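Coordinate inspection notes
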2 protein chains.
Amino acid sequence: MRLVLGLCKVAAFTFLIFTTSAALAQNVILIIGDGMDDHQITMARNYLHGAKGLLTLDTLPVRAAVQVVTLDHNDPSKVVYVADSANSATAIATGQVTSRGRISTSADTDSDLKPITVDLKNAGFAVGIVTTASVTDATPAVFMANVAQRFCENPDMMVQAKIGGNWYADCEDDLIANGGSGSISEQIAGSTIDVVLGGGSKQFAPMAEGADLTVLEQAQAEGYVVVNSVQALEQTVSSSDERVLGLFSPSTMPVRWQATGGVAAEQPEPSLLNQVHEYLGDVTLPAPVKCEVNPTYGDTPPLATMAQAAIAQLAKRSNKGFFLMVESASIDKQSHARRPCGQIGELQQLDETLQVALEFATTNPETLILVTADHGQAAQIIPNNSLFNGYGVPVYTPGRLQRLVTPEGAILAMNYATNEFQAEEHTGVNIPLLANEQGQGLVPSFLLQSDIYGIIKNYLLPETP
Amino acid sequence: MRLVLGLCKVAAFTFLIFTTSAALAQNVILIIGDGMDDHQITMARNYLHGAKGLLTLDTLPVRAAVQVVTLDHNDPSKVVYVADSANSATAIATGQVTSRGRISTSADTDSDLKPITVDLKNAGFAVGIVTTASVTDATPAVFMANVAQRFCENPDMMVQAKIGGNWYADCEDDLIANGGSGSISEQIAGSTIDVVLGGGSKQFAPMAEGADLTVLEQAQAEGYVVVNSVQALEQTVSSSDERVLGLFSPSTMPVRWQATGGVAAEQPEPSLLNQVHEYLGDVTLPAPVKCEVNPTYGDTPPLATMAQAAIAQLAKRSNKGFFLMVESASIDKQSHARRPCGQIGELQQLDETLQVALEFATTNPETLILVTADHGQAAQIIPNNSLFNGYGVPVYTPGRLQRLVTPEGAILAMNYATNEFQAEEHTGVNIPLLANEQGQGLVPSFLLQSDIYGIIKNYLLPETP
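Since the model is a prediction, treat every value here as computed from it, not as a measurement. (Residues numbered from 1 in each chain as written. Chains lettered and ligands numbered in written order. Predicted model: local features only at pLDDT ≥ 70, side-chain atom pairs only at ≥ 80, totals over all residues. Heavy atoms only, no water.)

**Digging into the overall build of chain A**
For chain A, the count of helices and strands is 12 helices and 23 strands. Over its C-alpha trace chain A gives a radius of gyration of 22 Å, about what one expects of a compact globule, namely 23 Å for 465 residues. A principal-axis box enclosing the C-alpha atoms of chain A has dimensions of 75 × 50 × 40 Å. Among the 465 residues that make up chain A, the fraction classed as buried is 65%. In chain A, once contacts between residues fewer than 6 apart in sequence are set aside, the share between residues at least 24 apart is 73%. Counting every atom, chain A has about 15,400 Å² of accessible surface; 50% of that belongs to carbon and sulfur. Positive and negative side-chain charges of chain A, numbering 25 and 48 respectively, have mean locations separated by a distance of 5 Å. (Helix = DSSP H or I, 4+ residues; strand = E, 2+ residues; numbered from the N terminus. Rg over C-alpha atoms; globule rule 2.2 N^0.38 Å. Buried < 20%, exposed > 50% of the residue type's maximum accessible area, 1.4 Å probe, protein only. Contact = heavy atoms within 4.5 Å. Areas by Shrake-Rupley, 256 points an atom, 1.4 Å probe, with all protein chains shown as cover. Lys, Arg positive; Asp, Glu negative; His and termini not counted. Charge placed at Lys NZ, Arg CZ, Asp CG, Glu CD.)

What follows is the structure in structure tokens.
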């Protein structure tokens, strides 16, 4: 066995990455930007690098469009045109389309759908799941668990557990007492996944069903080394080849950036006269802001640091190679919350993670890197000066607006207008899929989301039916 | 010279397409879907072919993302993040970035920028421009004219000509009397372009500046055969190899489809109780509709028919090859007007045109086909059933909504919410570029819009500096 020594540096930490011979090990690094459609990418490019600049993901040589297919919850013979992260990530993880809210289970019939990670582990690959969300959140969960409903994240959320309004989590059939596999956190604790890193420690605090241990204690009993800080993560990866469960925040990890003073997008304020008639009076738009460090970010591990630690550990745990899914979750969550700076800082984290993956691939060329989204999001770039200003009447969005002063000195106007509720909707736009050179010939220019499963399988398990 | 005989059939008409030897003739067919970002494409795919279906453009093997760059009108050292068709098409036609509203002229300094058509004509290529808009509209105009402002479409619109509100067209420096080249229609009449087909006859009706002829009479005097019906177009292309100016409607050509009864997207109507508090009462959404034939469409020539006639005539007019730009204009115009069926029928026209181009390329393999947009548009696909329905409170868009019953029996909810004015805004999203096999190796996965100019130039004029 030939040892290849790669030295990757990102953020504050450096990990030595030992891999087996490039001729033997084959790896897939799948990076999912949750909600990362072309609007969210363009917004980040404009802010981070300027309108003529390049994100790292812009340098990937292979590009495709992905059509997201979602089944109707009540009548799975019909489609619906807007997904959530649960059904869209299930399509990627299992190759099967399902209805919103489902974690690798089928629409209506609630059958378990086998995630690709099962076959990969059986074939001897190491598997890692990394996210800035709770590790029990929909996108990571579909790779590690089967459950009827995404909100059944821990043993206390299994039966008539209130989420809000008239909305309840209900996964009674998944109770261990009823022959099921338990909640998402319990299934992670009992899984064979090698590395699980992200937020969501609160989902591991309850007592496991029918046991005298918390879910976290159960995970430790099953062989996971549990870490809660980047220092502990670094130490574990440097000194051990054990399985690692890293939980760095109670739920979603804090995002890197916020707008000046923490303000979200706001509704323009029309004058009284304008409220009488749309062609009269004027409108006050929210004042332009900049992106600044989110004060709650603190010593949160950067996504790229977590990904780098995962790569280092996975490379130690299998000579055959590994599959690593890395999710940048808050592109979506901050769009729901109408916070473009949160989205941009999170997309920057994704782009740094891609840089880590590309550096690894330079010394491990049989590494397929895929970057995609799961569904579209609400944020739109609209003109700061309306196309219709020439008419001399107030023209403004009926939604929420945030105007960012970009480092190149222009104003980037972001619109959030899919609803008036406390959180925006997803959208049904097709989404990008990018790949490094290893994707040439494997990734067609247009595909269904469930085809991504086949691309990964064909790369790592070409002889499996 | 080897004659290649191709027989193309589309819509009601059949043209014999004679071309010179494939070894000699090189062609570029550039198809621009105005406003055709991924949302508009996904909407059309869902309606026309179902969520799991394929548009013809989905079958193209090369895909890229295009970043649109626009300069600030007042300070061209700065960018703005949302384009109009004038500056974005100027980038494609000239390789130069400029400010909104400019027709192949530079931001601030108002210098003429040379469209690629000039070099192509000088090198012996035939050139055709086809559109469903007025041929004087921004996208076609930039390939045929240089003028300070897009609304200077005819001799009567050159000096302080009112458009609406406080908005005036003003191109005084472009007056022939002031040493300029006149209005857009006058420049087309005096151009060397071989085939010009579309709407806009009213722009050719005024008297040409300083002449005793209308602009149309001037075009005829310059050698254009003028046709006004698809029958006359067919007859001319069948019997003559003259230059053709086809004007099939007074301004924009009628679109193929409308929603039931011609209704546009409408605002949801909250109940009185919901107006008191957003968590109370309920909301009435606009009733679902279908797409139906637009009664004013009549015998309007389909875009594919115009494109096919143009290809036939261009192939006769040069042994060297041709450049044809075909614009599907009303994807944009019908999004401004909040009319998804108009958009979908127009995108169907683009897809049929692509089919014609692909058929031509089967017998003329040295034909590079490019399909792209100029900028993003407002329409978004949002959930018909909100992601937050579980809360049991009314959740609806603050913008305009149209819900289409698709042929596969689901409801496609389209949201228009960039402003509350009579027309929606463009958006700043990066846009797709697709190409046939000839584009492999020529089209990178990510590019600036102005790079499209270089791709066309490198293909047809590789030795020109």
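**Some points on empty space enclosed by the protein**
This structure, assessed with the given rule, holds six cavities of 30 Å³ or more. There is about 100 Å³ of room inside the largest cavity. Around the largest cavity, the lining is made up of 14 residues, and of these Asp38 and Arg63 of chain A together with Asp38, Arg63 and Ala64 of chain B lie nearest the centre. Every element with two or more residues in the lining of the largest cavity is listed here: strand S4 (62-67) and strand S22 (431-435) of chain A together with strand S4 (62-67) and strand S22 (431-435) of chain B. Within the lining of the largest cavity, the residues separate by chemical class into eight nonpolar, two polar and four charged. (1 Å grid on protein atoms, 1.4 Å probe; cavity = no way out; pocket = protein on both sides within 12 Å on 5 of 7 lines; lining within 4 Å. Points joined across faces, edges and corners; volume = space filled by probe spheres on them. Nonpolar A, V, L, I, M, F, W, Y, C, P; charged D, E, K, R; others polar.)

**Regarding the packing of aromatic side chains**
According to the stated counting rule, one finds 16 aromatic pairs over all chains in the structure shown. Centre to centre, the rings of Tyr47 of chain A and Trp257 of chain A are 6.0 Å apart; their planes meet at 65 degrees, and the pair counts as edge-to-face. Of the two residues, Tyr47 of chain A is situated in helix H1 (residues 38-49) and Trp257 of chain A in strand S13 (residues 257-259); the sequence distance between them amounts to 210 residues. When sorted by exposure, Tyr47 of chain A lands in the same class as Trp257 of chain A, which is buried. Relative to Tyr391 of chain B, the ring of Phe421 of chain A has its centre 5.3 Å away and its plane inclined at 50 degrees; by these criteria the two rings are tilted. Note that Phe421 of chain A is positioned in the loop between strand S21 (411-416) and S22 and Tyr391 of chain B in the loop between strand S19 (380-382) and strand S20 (400-405), a pairing that runs across two chains. Cation over ring: Arg243 of chain A sits above Tyr224 of chain A, and NZ or CZ is 4.0 Å from the ring centre. (Phe/Tyr/Trp six-rings, centres within 6.5 Å; stacked < 30°, edge-to-face > 60°. Lys NZ or Arg CZ within 6 Å of the ring centre and 35° of its normal.)

**A look at the environment of Gly428 of chain B**
Position of Gly428 of chain B among the secondary structure elements: in the loop between strand S21 (411-416) and S22. Given a relative accessible area of 9%, Gly428 of chain B falls into the buried group. The contact partners of Gly428 of chain B, leaving out residues within four places of it in the chain, are His39, Thr42 and Ile381 of chain A together with Tyr81 and Val82 of chain B.

**Re the sheet that holds S19 of chain B**
Residues and elements named next belong to chain B. Pairing is antiparallel in the open sheet, where three strands are placed in the order S19-S21-S20. Looking along the sheet, the strands with just one partner apiece sit at the ends: S19 and S20. Going across the sheet, the axis of each strand differs from the next one's by a mean of 35 degrees, ignoring polarity. Bridging between S19 and S21 involves three bridges; their strand directions are antiparallel. Paired with Gln380 across the bridge in S21 is Asn415. Where helix H1 (residues 38-49) meets the sheet, its contacts fall on S19, S20 and S21, and the angle it forms with S19 comes to roughly 55 degrees. Taken strand by strand, helix H11 (residues 340-363) contacts S20 and S21, and its axis lies near 55 degrees from that of S20. (Pairing = 2+ DSSP bridges. Axes fitted to C-alpha atoms, helices over the stretch in contact; angles between N-to-C directions.)

**Brief notes about the interface of chain A and chain B**
Taken together, the 77 residues of chain A in the interface contact 78 residues of chain B. Summed over both partners, the interface of chain A with chain B comes to about 6,600 Å²; 59% of that surface belongs to carbon and sulfur atoms. Across the chain A-chain B interface, the total number found is zero salt bridges. Our count for the chain A to chain B interface comes out at 44 residue pairs in polar contact (both at pLDDT 80 or more). Within the residue set of the side of chain A that touches chain B, elements represented by two or more residues are H1, S4, strand S8 (161-164), strand S19 (380-382), S21 and strand S23 (446-448) of chain A. The dominant element in the side of chain A that touches chain B, judged by the number of residues it contributes, is H1 of chain A, at six residues. A class-by-class count of the residues in the side of chain A that touches chain B yields 36 nonpolar, 28 polar and 13 charged. (Buried area = accessible area lost by both parts, 1.4 Å probe. Salt bridge = Lys/Arg side-chain N within 4 Å of Asp/Glu carboxyl O. Polar contact = N/O pair within 3.5 Å; in protein donor to acceptor, adjacent residues only side chain to side chain.)

**Quick word on the nonpolar core**
Residues and elements named next belong to chain A. In this structure, Phe143, Phe323 and Leu370 are the most contacted members of the largest nonpolar core, which totals 105 residues. No other element matches the nine residues that helix H9 (residues 303-317) contributes to this core. Those residues in contact with Leu370 that sit more than four places away from it in its chain are Ile29, Leu30, Ile31, Leu433, Leu434, Ala435, Val443, Ile452, Ile455 and Ile456. (Core = buried A, V, L, I, M, F, W, Y, C linked by side-chain atoms within 4.5 Å.)

**Observations regarding the relation of the copies chain A and chain B**
Once chain A has been moved 0.0 Å along the axis and rotated by 180 degrees, it coincides with chain B to within an RMSD of 0.0 Å. Such a combination of rotation and displacement between the chain copies is what one expects of a two-fold axis. (Least-squares fit on C-alpha atoms with pLDDT ≥ 70 in both.)

**Observations concerning the packing of helix H7 (residues 230-239) of chain A against H9 of chain A**
Residue and element names in this part refer to chain A. Where H7 meets H9, the closest approach of the two axes is 10 Å, and the angle between their N-to-C directions is 20 degrees. What the angle tells us is that H7 and H9 run roughly parallel. H9 is crossed by H7, and the crossing has left-handed handedness. Across the interface between the two elements, Val230, Leu233, Thr236 and Val237 from H7 touch Thr305, Met306, Ala309, Ala312, Gln313 and Lys316 from H9. Taken together, the residues that form the contact of H7 with H9 break down as six nonpolar, three polar and one charged. (Parallel < 35°, antiparallel > 145°, perpendicular 65-115°, else oblique. Left-handed = near helix turned anticlockwise from the far one by under 90°.)

**Topic: the state of the cysteines**
All names here are of chain A. Across all of its chains, the model carries four disulfides over all chains by this definition. Here Cys152 is linked by a disulfide to Cys171, with a sulfur-sulfur distance of 1.9 Å. A torsion of 85 degrees about the S-S bond marks the disulfide between Cys152 and Cys171 as right-handed. On the criterion of sequence distance, the pair formed by Cys152 in the loop between helix H4 (138-141) and S8 and Cys171 in the loop between strand S9 (167-169) and helix H5 (184-189) is long-range, its members being 19 residues apart. In this structure, Cys152 and Cys171 share a single accessibility class: buried. For Cys291, the disulfide goes to Cys341, at an S-S distance of 2.1 Å. Between Cys291 and Cys341, the S-S dihedral sits near -85 degrees, and the bridge is therefore left-handed. With Cys291 in strand S16 (residues 291-293) and Cys341 in helix H11 (residues 340-363), the pair connects residues that are 50 residues apart, well separated along the chain. Cys291 gets classed as buried once you look at its relative accessible area, which sits at 16%. Taken N- to C-terminal, the disulfide-bonded cysteines of chain A are connected 1-2, 3-4. (Disulfide = S-S within 2.5 Å.)

**Points about the pattern of salt bridges**
By the definition in use, this model includes 22 salt bridges over all chains. Among the ionic pairs, Asp137 of chain A bridges to Arg150 of chain A, the shortest N-O distance being 3.6 Å. With a gap of 13 residues between them, Asp137 of chain A in the loop between strand S7 (126-134) and H4 and Arg150 of chain A in the loop between H4 and S8 connect regions that are remote in the sequence. Here Arg150 of chain A falls in the buried class, since its relative accessible area comes to 15%. A salt bridge links Asp84 of chain B to Arg150 of chain B; the shortest N-O distance between them is 2.9 Å.

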